[in-house]
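# Coordinates in review
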Amino acid sequence: MKILYVTSEAVPFCKTGGLADVAGSLPPALAEQGAEVAVVLPLYARVRDRFGSQLKFECYDYVDLAWRHNYCGLFSMEKDGVTWYFLDNEQYFNRSALYGQSDDGERFAFFSRAVVRMLDHFKFWPEVVHCNDWQSALVPIYLKDDGVREERYRSIKTVVTIHNIEYQGRYNPYVLGELFGLDAGWAKDGTILLDGDANLLKGAILCADAVNTVSPTYANELKMPYFAHRMEGVMRQCSEKLSGVLNGIDMKLYDPRTDGRILKNFSAEDTAGKDACKAELQRMVGLREDPQTPIVAMVSRLVSHKGLDLICEVLHDMMELPMQLVVLGTGDQRYEDFFSWAAQQYPGRMSVRMDYNEDLSMAIYAGADLFLMPSKSEPCGLSQMIAMRYGTVPIVRETGGLKDTVQPCESWRDAGNGFSFANYSSGDMLHVIREAVYLYKDYPDVFGRLRQRAMSCDFSWARSAREYLRIYATITGQAWPIHTDTRRALEIPPEEAAPAEESAPVKEAAPVEEAASVEEAAPAEEAAPVEEAAPAEESAPVEKPVPAEEAAPAEEKPAKKTRKTASKSASKAAKADKKTEKKTSSKKGTAGKKKSAE
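Keep in mind the model is a prediction, meaning the values are calculated, not measured.

Looking now at the pairing of strand S17 (residues 393-397). Extensive coverage of S17 is indicated by the burial of five of its five residues. Going residue by residue along S17, you find Val393, Ile395 and Arg397 tucked away on one face and Pro394 and Val396 tucked away on the opposite face as well. Sheet topology note: the strand S16 (residues 370-373)/S17 ladder contains four bridges and is parallel. Bridged to Leu370 within S17 is Val393. Once you follow S16 into helix H16 (residues 383-389) and on to S17, the crossover reads as right-handed. With three bridges joining them, S17 and strand S18 (residues 419-421) adopt parallel strand pairing. Across the sheet, Ile395 pairs through a bridge with Phe419, a residue of S18. As a crossover connection, the stretch from S17 through helix H17 (residues 400-405) into S18 is right-handed.

Here the focus is helix H14 (residues 333-345). Along its 13 residues, H14 runs 19 Å from first to last C-alpha, staying within 8% of the 18 Å computed at 1.5 Å per residue. All of the buried residues along H14 are Tyr335, Glu336, Phe338, Phe339, Ala342 and Ala343. Down the axis, H14 shows its buried residues gathered within 165° of arc, on one side only. Along H14, the residues that are exposed and aim more than 90 degrees away from the buried face are Gln333, Arg334 and Gln344. Structurally, H14 contributes buried residues whose contacts are with helix H13 (308-319), strand S14 (324-328) and strand S15 (350-353).

This next bit is on helix H12 (residues 272-285). Taking 1.5 Å of rise per residue, 14 residues should cover 20 Å, and H12 covers 21 Å from first to last C-alpha, within 8% of that figure. Taken as a whole, H12 has its buried residues at Gly273, Lys274, Cys277, Lys278, Leu281, Gln282 and Val285. Contacts made by the buried residues of H12 are with strand S13 (295-299), S14, S15, helix H15 (358-367), helix H18 (426-442) and helix H19 (444-455). Looking at the residues trailing H12, positive phi occurs at Gly286, about 80°.

Next up on the list: the sheet that holds strand S9 (residues 193-194). If you walk across this open sheet you meet the three strands as S8-S10-S9, and the pairing is antiparallel. Only two strands of the sheet have a single partner each, and these edge strands are strand S8 (170-171) and S9. As paired elements, S9 and strand S10 (residues 197-199) share two bridges and run antiparallel to each other. Pairing of Leu194 across the sheet is with Asp197, part of S10. Its contacts with the sheet put helix H8 (residues 200-207) on S8, S9 and S10, and the angle it makes with S10 is roughly 45°.

How each quantity is defined
- Residues numbered from 1 in each chain as written.
- Predicted model: local features only at pLDDT ≥ 70, side-chain atom pairs only at ≥ 80, totals over all residues.
- Heavy atoms only, no water.
- Buried < 20%, exposed > 50% of the residue type's maximum accessible area, 1.4 Å probe, protein only.
- Helix = DSSP H or I, 4+ residues; strand = E, 2+ residues; numbered from the N terminus.
- Pairing = 2+ DSSP bridges.
- Right-handed = clockwise from strand over helix to strand, strands pointing away.
- Expected span 1.5 Å × (residues − 1).
- Arc of directions from axis to C-beta.
- Contact = heavy atoms within 4.5 Å.
- Axes fitted to C-alpha atoms, helices over the stretch in contact; angles between N-to-C directions.

Below, the structure written as structure tokens:
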């Protein structure tokens, strides 16, 4: 399968947020599963500065966007089994910042138009073009527009991933032709029009063959006005092609056993190194060195949807608990001012750093005991996964990917991998923080097992890649077999690998708590288990899952009983026939004797 992944940022080339982590990790994971993958992104100034010597110039062409006729260069490099393409135009991309420019609409319209125009120059003609957020939302629209005139574009299927629906690419509809080079009919028929604006994300959702979000719960939430930012009607309209695929993290990069960015390595089996990391963190940020006091940490942008209002309401109540608090991040001035003031009220017990420091963030992940994420909304969230990887137990609100990855602790049966609360309420949050703090202090053995379960969770990209391949297979009508490496990892004999038309192949081995995550977080109509093979004839990317225990056809068990019953019946019948024959022969013998006597 040939997949072209379109993104506006990707690690390690350029990053402003979580999209870069996804775009840097998912394509190599798809390639490991056997797909042929290429990624295309703009050639920003920072990419040229850092990787210019490694880039190979392929060719150049001219891209028409409305009345503009602009140069576009194509550079490439091979990395991690993936071909990375970079589209060059200094007018649009030779900037110090990736976003936030006054002409962002024109810049990313050129990028999307150039992706379609440069398809002939890539090393393969893609079967699937996978776009991300509004910056590449015009690609499915341009493919539809060009497909009316050129048949070759009609063979390409498109997928759109919504990382955060708050950012939609909204512009004045009167510039549709001037800015984007599209006919006014795209607005008049409502395809690209919402609330009086030209909405690029809406147009992409309607034009794409499949739409997904970055967690199953977030896919459900986007059908509700509270989360959808005026797009709930569109999401409900497209619910048949909507699914949620949970993001992953780089399990090799975030590995406490080998990570050179932390003071001392440790593992789930031996957490002695975490104690050293905790002491180092306390020294770094000016907290009192006390191994018995749990450190509650936050590494976050300081903005309202991260749930900071809840912390502001009950901070003094939190600090009455036997705990320490460390906050790292920047954001809105009101939150920065509040946390700076609060840190002065609790010297030695609360520390705040108003910047983003990679080394300090890793020290926090490795040294803290509890990680607080009381978000109003969280499409997926990576911080809670990273924290769990380093044995820092999360406290989250049950929304989006937080609900899908964190199961509440049930100490009475050693279940769960963190703490959670459902209502957006400071009282509920405080109650759960209190529960976590006292579990740490009063029941260290129970907390230690909770920490081990958190560290054992599998958030690898391999699982996410398999779900995306199911979506691609569904929209292209292809049968996607289980890759050899996957079969080996699952210990599936080759003859038992189910063909595409079977509804449920073998059950994937997973930690108990992770399995609970999938079952609790993904409603049946939204996300099917990874290990199920999607039938090629399905029109929607995800259908109702077949529970693991129903993997075998329903007739199989009755059939076994029927065979046993049949064999028993045959045995009884045979015995009956023998008895009948004996009786008959006996009667015949008696009759013969009587006749001879007469």
